[in-house]
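# Descriptive analysis of the structure
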Amino acid sequence: MLSDTPRAKPALELRDVSKQFGDFQALSGVCLRVEPGDSILLYGPNGAGKTTLLRVLSTLARPSDGKVLYDGADVHANPTVAKAAIGFVSHATFLYGELTARENLEFAGKLFGLTKSPERVAGVLDIFHLQERAETPVRELSRGYQQRVSLARAFLHAPQFLLLDEPFTGLDAASTESLQDLMRSLQGQGKGLILSTHDFEQGRAIAQRLVALEGGKVRYDGPIHAAPLAALRKGARSQESEASSTALPEGGGISLAVGETYGRND
Amino acid sequence: MRTLGVISAIFVKDLRVEWRHRETLASMCIFGLLVVFLFNFAFEPAGEERLRLLPGLLWIAFAFAGVLGFNRSFAAERENAGLEGMRLAPVDPGAIYLGKMLANLFFMGIAEVVVVFATSLWYNFSFIPALGWFALTTFFCTLGYVAVGTTFGAVAANTRMREVMLPVLQFPVAVPIFIAGVEGTTGALKGDPVSDYAGWIKLAAGYSAIFVVLSYLLFEYVLEE
Amino acid sequence: MNKIFPPTLHLIVTYAWLIVATYLIFFYAPQEATMGEVQRIFYIHVSSAWTALLAYFLIFLGSIAYLWKRRDSADDFAHGAAEVGFVFCTCVLVTGPLWAKPVWGIWWTWDARLTLTFVLWLLFVAYLMLRSYVINPGRAAVLAAVVGIMGFVDVPIDYMAIRWWRTQHPQPVIAGGEGSGLDPRMWVALLVTWGAFLCLFAYLLRQSTRLAVLRREVANLRRLRGSSQGG
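Worth saying up front: this structure is predicted, and the values here are computed from it rather than measured.

### Quick look at the overall build of chain C
Secondary structure assignment for chain C yields six helices and zero strands. Taken over the C-alpha atoms alone, chain C extends approximately 75 × 45 × 25 Å along its principal axes. Within the span of chain C, comprising 231 residues, buried residues form 39% of the whole.

Below, the structure written as structure tokens:
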């Protein structure tokens, strides 16, 4: 799992991280190391802590215990360097509905202190095929387009690490495929990628490493092809059957708020 | 300095977002006008009484319009987690505070102009003779009020019943501003020599300085998760 | 602390001190010239006021300590000081009218001291309400610390503003000026009473922080049980 080559590029790391919200323990003793070039599928049932893990990794949330490190240094001691290297895509778009896509991106450019901001914005609009919609207020865009703008925003400052929390939610087949293509090209550029998803098949197309999370603890961290999937799913399913039985039928990937899809072919 | 660039970017962004629909600004102005309007039924001031009562009326209207604005300033950020988007960037939390504070100051200023204009019209009271000192006093008092209100607006955004929670936090802490606002503007409107009420302006200015600095330092704790 | 001065002993000392103070108030201190027996409530009124003010100062210290070190004990300390201080502050606002009505015939006056006390009371309310209404309980401590610091910084400014305001627009004053003409025996009674109140305050604060520690342990146990069930 850990690279043998000398640490030339900075890594993002969770060291023994725990996170609690009042009475609820979201993460316990999580250790995770991400290097540029890694592509990780963060997998687990609802409530496993995937979103929390990504939020802690992205510096948005502070760990209750343990450390978040970038290039060996505590992220919260010196956040500027880490934040410039991380891009985060979440359920929320971080966009202002009243502003156009271009205005949102230009604002993000100013926040990240980008020089040559107009060129970068134009470039990113190009990559994500947003030119026609660039002058529309984001509020008037479809969910799929909004997510593209959100991705563009995360990508604008050319981060080394891209964290994506269930990015395929609400996307049609064409958008899903183009997103997967984009992720492959990012991989090729040597970026570090983590995506969390319920849909194992969508994730498997891109990721080389699987991190399985359950009850806030890491159950498996290794190559995706070697993952003991049956055991992981069994553990997840028994947890699910204890909870409410309102799971969506398999294949229903439109709203992933409740239940999960485990992929059609086991 | 990059921080100044970030502050102005946030300020401009808030103005631009508000300008598209102007909902917050409209509600602040209308609320202020309603207070002035209701006052008429409560007191119906005329003649000399106006000088005694109008400064108080103005500050009650400003106070309530203000908290409405502070609440909405952060409600707008909640829609798509805009605040988190800013936190993900390598930006000093204090800069986020200053950007939003200046935007709130701008909006409250507009609402104040509208309220003062309506008061002048409806009570046949002219603010023109004392306009300079009146404006200066009101400016420093508003600055202090907004300095605290922006911080507490962000704090209250984390609570249930935030429309109630914000005034509960804001009004006790803003007592010096109310007093300075009413006393200072009364002095200015009466045409008293400046030395009589300059102390109130200094109090408001000192209050503003203290709470802007304090808020700048504490805002990272308000934002952290 | 619990070994050297256990809570039970603390409680006994507090009771004893309060009894001594009561004796001094009613039998040792002389009757005030103009107001009669009712004036004796002054010792409770002023002692409570000084204790409430000290309590907010402790909130301030606890809040700073919490933001700096993030230790739960600092937060418990601030929270406890707020809860107990609030009670003492309420006491000031209750004894005020009880004193004013028989002596001056009015229930309340917005004189400098009472106005300031009322603002302080509102600051306590603000702090306590915030803690109850925060949606994510994990954030309550940090947000309360910010409010505690800002609230306390406000107090001296309130003091200046209110005093100056009242010199411009004088109103009847209840307590007849600062320390004006207090008989030495009255000073003794006052200081002893204040000491008793501080002792009581310290005792209640201790019990409050103990309770907070127990609550946290219960929450920890709940968390562990929750995660072991899931794993």
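After that view of the structure, there is still more to cover.
### Observations concerning the overall build of chain B
From N to C terminus, chain B includes nine helices and zero strands. Its helices and strands taken in sequence order, chain B reads α-α-α-α-α-α-α-α-α from the N to the C terminus. For 225 residues, the compact-globule formula gives about 17 Å, and the C-alpha radius of gyration of chain B, at 18 Å, lands near that figure. A burial count over chain B gives 55% of its 225 residues as buried. In chain B, once contacts between residues fewer than 6 apart in sequence are set aside, the share between residues at least 24 apart is 83%.

### Concerning unusual backbone geometry
A positive phi angle, close to 55°, is found at Asp-71 of chain A, a residue other than glycine. Tracing the backbone through its elements, the reader meets Asp-71 of chain A in the loop between strand E4 (65-70) and strand E5 (73-74). A residue is classified by how many C-beta atoms lie within 10 Å of it, and Asp-71 of chain A, with 16 of them, is partly exposed. At Ala-81 of chain B, a residue that is not glycine, the phi angle is positive and equals roughly 60°. Tracing the sequence through the fold places Ala-81 of chain B in the loop between helix H3 (49-78) and helix H4 (82-88).

### Considerations on the pairing of strand E7 (residues 161-165) of chain A
Residues and elements named next belong to chain A. Most of E7 sits out of view: five of its five residues are buried. Of the two faces of E7, both are covered, the one formed by Phe-161, Leu-163 and Asp-165 as well as the one formed by Leu-162 and Leu-164. The sheet contact formed by strand E6 (residues 86-89) and E7 spans four bridges and is parallel. Counterpart to Val-89 in the pairing with E7 is Leu-164. Pairing geometry for E7 and strand E8 (residues 192-196), over five bridges, is parallel. Bridge assignment links Leu-162 to a residue of E8, and that residue is Leu-193.

### Thoughts on the packing of helix H2 (residues 23-42) of chain B against H3 of chain B
Packed helices, taken two at a time, are described by their axes: the angle between them and the distance between them. Residue and element names in this part refer to chain B. Axis separation between H2 and H3 bottoms out at 9 Å; the angle between their running directions is 155°. In this view, H2 runs roughly antiparallel relative to H3, as classed from their interaxial angle. Where H2 crosses over H3, the two elements pack in a sense that is right-handed. Contact with H2, carried on its side by Thr-24, Ser-27, Met-28, Phe-31, Gly-32, Val-35, Val-36 and Phe-39, involves Leu-57, Ile-60, Ala-61, Phe-64, Ala-65, Leu-68, Gly-69 and Arg-72 of H3 and no other residues of that element. By residue class, the composition of the contact of H2 with H3 is eleven nonpolar, four polar and one charged.

### Quick word on the interface of chain C and chain B
Contact with chain C, which involves 30 residues of that partner, is made by 24 residues of chain B. Looking at the side of chain C that touches chain B residue by residue, the classes come out as 24 nonpolar, three polar and three charged.

### Some details on the sheet that holds strand E3 (residues 39-43) of chain A
Residue and element names in this part refer to chain A. Read across the open sheet, the six strands follow the order E6-E7-E8-E3-E9-E10; overall the sheet is mixed. Where the open sheet ends on each side, the last strands, each with one partner, are E6 and strand E10 (217-223). Neighbour to neighbour, the strand axes of the sheet diverge by 15° on average, direction disregarded. Helix-sheet contacts for helix H1 (residues 50-57) involve E3, E7, E8 and strand E9 (209-214), and the interaxial angle to E7 is about 150°. The strands that helix H5 (residues 143-155) touches are E6 and E7; relative to E6, the one it contacts most, it runs at about 170°.

### Overview of the confidence of the model for chain C
In this model, chain C carries a mean pLDDT of 88, and residues with pLDDT of at least 70 account for 93%. Two summary scores accompany this predicted model of the complex, namely pTM at 0.89 and ipTM at 0.93.

### Describing the sheet that holds E5 of chain A
All names here are of chain A. Across the sheet, which stays open at both edges, the four strands sit in the order E2-E1-E4-E5 with antiparallel pairing between neighbours. With partners counted over all chains shown, the strands left at the sheet margins are strand E2 (24-34) and E5, one partner each. Two elements, strand E1 (residues 12-21) and E2, share seven bridges in a ladder whose sense is antiparallel. Note that in E2 the partner of Gln-20 across the bridge is Gln-25. Its contacts with the sheet put H1 on E1, E2 and E4, and the angle it makes with E1 is roughly 125°.

### Here's the deal with the nonpolar core
A general tendency of soluble globular proteins is for nonpolar side chains to be buried together. With 211 residues, the main nonpolar core has Ala-152 of chain A, Leu-169 of chain B together with Ile-59, Leu-143, Val-146 and Val-147 of chain C as its most contacted residues. It is helix H5 (residues 140-168) of chain C that provides the largest number of residues to this core, a total of 15 residues. Those residues in contact with Val-146 of chain C that sit more than four places away from it in its chain are Val-155, Leu-218, Tyr-221 and Val-222 of chain B.

### Remarks on the packing of H2 of chain B against helix H5 (residues 93-122) of chain B
Residue and element names in this part refer to chain B. Interhelical geometry of H2 versus H5 gives an angle of 30° and a closest axis separation of 9 Å. For the element pair H2 / H5, the angle class is roughly parallel. The chirality of how H2 crosses H5 is right-handed. Here H2 contributes Thr-24, Leu-25, Met-28, Cys-29, Gly-32, Leu-33, Val-36 and Asn-40 to the contact with H5, which in turn contributes Phe-107, Ile-110, Ala-111, Val-114, Val-115, Ala-118, Thr-119 and Trp-122.

### Structural notes on the environment of Asp-154 of chain C
Residue position: Asp-154 of chain C is located in helix H5. Separated by 31 residues in sequence, Asp-154 of chain C and Leu-123 of chain C place their C-alpha atoms 9.4 Å apart.

Rules used throughout
- Residues numbered from 1 in each chain as written.
- Chains lettered and ligands numbered in written order.
- Predicted model: local features only at pLDDT ≥ 70, side-chain atom pairs only at ≥ 80, totals over all residues.
- Helix = DSSP H or I, 4+ residues; strand = E, 2+ residues; numbered from the N terminus.
- Buried ≥ 20, exposed ≤ 12 C-beta atoms within 10 Å, placed from the backbone.
- Rg over C-alpha atoms; globule rule 2.2 N^0.38 Å.
- Contact = placed C-beta atoms within 7 Å.
- Pairing = 2+ DSSP bridges.
- Axes fitted to C-alpha atoms, helices over the stretch in contact; angles between N-to-C directions.
- Parallel < 35°, antiparallel > 145°, perpendicular 65-115°, else oblique.
- Left-handed = near helix turned anticlockwise from the far one by under 90°.
- Nonpolar A, V, L, I, M, F, W, Y, C, P; charged D, E, K, R; others polar.
- pLDDT = per-residue confidence, 0-100.
- Core = buried A, V, L, I, M, F, W, Y, C linked by C-beta atoms within 7 Å.

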